Amino acid sequence: MKAYVRRAFYYETDQMGIVHHSNYIRWMEEARLDLMRQAGLDYRTMEQAGIIMPVTSVECRYKISAHYDQPVFITAIPTEYNGVRAAFRYEIRGEDGRLMAEGSSGHCFLDTETRCPLNLKRRLPEYSAQFEKVVVKPEVT
C-alpha cells in the first residue's frame, strides 16, 4: 500500500508555524482510513453493516516538528487482527524521508445499535478475510 500524503494546513499550526501535536493523531486516522480504502475495506461499508471501529488506545512519539505547508507522508500498517480487535502502527515522514513521528492505535469492532463487541469474522466474513490479507505480522527471529 502506498503512503497517505497531505500538507500541513495553516490552522493546524501555532504562531511559530509548527504543527500542534494533536494533529498527528488526526493524520494517523486519515492514513488508516485511506489504507483501508486502498485495501478494499471501505469504512462506510462497515457502518452500513451496523459495525463501528472505535479507538481503544492511541500513542504518538514525536521526533521532528512538521511545519505549515510541509508535505508529510503517513504510512499506516495493520499489525494485529483477530476479528474482535485490530491494531495499527504509523510512520510519519517528511519529504526527505526522515521520521517525524511514529505511533500506534488499537481498535475493537462494535455493533452500532447495541455498542457490544462483535466478531467481524462472523458478521462480515468476506470483509474479515480481506482485512487478514493486509495485516503485517512481526518477523520472528
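Since this is a predicted model, take the numbers as computed values, not measurements.

How each quantity is defined
- Residues numbered from 1 in each chain as written.
- Predicted model: local features only at pLDDT ≥ 70, side-chain atom pairs only at ≥ 80, totals over all residues.
- Heavy atoms only, no water.
- Helix = DSSP H or I, 4+ residues; strand = E, 2+ residues; numbered from the N terminus.
- Rg over C-alpha atoms; globule rule 2.2 N^0.38 Å.
- Buried < 20%, exposed > 50% of the residue type's maximum accessible area, 1.4 Å probe, protein only.
- Contact = heavy atoms within 4.5 Å.
- Areas by Shrake-Rupley, 256 points an atom, 1.4 Å probe, with all protein chains shown as cover.
- Lys, Arg positive; Asp, Glu negative; His and termini not counted.
- Charge placed at Lys NZ, Arg CZ, Asp CG, Glu CD.
- Patch = residues over 30% accessible without salt bridge, like charges linked within 9 Å, V, L, I, M, F, W, Y side chains within 5 Å.
- Salt bridge = Lys/Arg side-chain N within 4 Å of Asp/Glu carboxyl O.
- Phe/Tyr/Trp six-rings, centres within 6.5 Å; stacked < 30°, edge-to-face > 60°.
- Pairing = 2+ DSSP bridges.
- Axes fitted to C-alpha atoms, helices over the stretch in contact; angles between N-to-C directions.

> Talk me through the overall build of the protein; I want residue IDs and the actual numbers.
In terms of helices and strands, the protein carries four helices and seven strands. Computed over the C-alpha atoms, the radius of gyration of the protein is 16 Å, within 12% of the 14 Å expected from 2.2 N^0.38 for a compact globule of 141 residues. Overall size of the protein, expressed as C-alpha extent along the three principal axes, is 50 × 40 × 25 Å. By residue count, 40% of the 141 residues in the protein fall in the buried class. Long-range contacts, defined as pairs at least 24 residues apart, comprise 65% of the intrachain contacts of the protein with a sequence gap of at least 6. Counting only carbon and sulfur atoms, one obtains 50% of the accessible surface of the protein, whose full area is about 8,400 Å². Separation of charge centres in the protein, based on 19 positive and 19 negative side chains, amounts to 3 Å.

> I'd love a proper account of a nonpolar patch on the surface, names of residues and values included.
A cluster of nonpolar side chains, namely Ile25, Val55, Val58 and Tyr62, defines an oily patch on the protein surface of about 320 Å² accessible area. Considering each element in turn, the nonpolar patch owes the most residues, three residues, to strand 3 (residues 55-62). If you trace the backbone, Tyr62 turns up in strand 3.

> Describe in detail the pattern of salt bridges, supporting the description with residues and values.
Across all of its chains, the model carries 12 salt bridges by this definition. Of the charged contacts, one joins Asp69 and Arg7 as a salt bridge, the two residues approaching to 3.8 Å between their closest N and O atoms. With a gap of 62 residues between them, Asp69 in the loop between strand 3 and strand 4 (71-81) and Arg7 in strand 1 (residues 4-7) connect regions that are remote in the sequence. Notably, a salt bridge pairs Arg61 with Glu102, separated by 3.7 Å at the nearest N-O pair. Separated by 41 residues along the polypeptide, Arg61 in strand 3 and Glu102 in strand 6 (residues 99-108) bring together distant segments of the chain.

> Please set out the packing of aromatic side chains residue by residue, giving values where relevant.
In total, this model carries nine aromatic pairs according to the counting rule given. Aromatic side chains Tyr10 and Tyr68 sit 5.4 Å apart centroid to centroid with 85 degrees between the ring planes, which places their arrangement in the edge-to-face category. Placement of Tyr10 in the loop between strand 1 and helix 1 (22-38) and of Tyr68 in the loop between strand 3 and strand 4 is noted, with a sequence separation of 58 residues between them. For Tyr10, a relative accessible area of 61% corresponds to the exposed category. A ring pair is formed by Phe88 and Phe131, whose centres lie 6.2 Å apart and whose planes are at 70 degrees; its orientation type is edge-to-face. Of this pair, Phe88 sits in strand 5 (residues 85-93) while Phe131 sits in helix 4 (residues 125-134); the two residues are 43 residues apart in sequence, bridging distant segments of the chain. The buried category is assigned to Phe88, whose relative accessible area is 1%. Look at Phe131 and you get buried, because its relative accessible area is 1%.

> Got a sec to walk through the sheet that holds strand 4? Specific residues and values, please.
Overall, antiparallel pairing links the five strands, which are arranged 1-4-5-6-3 in an open sheet. The two strands at the open ends of the sheet, each matched to only one other strand, are strand 1 and strand 3. The average angle at which neighbouring strand axes cross in this sheet is 20 degrees, direction not considered. Contacting strand 4 and strand 5, helix 4 crosses the sheet at an angle of about 115 degrees to strand 4.

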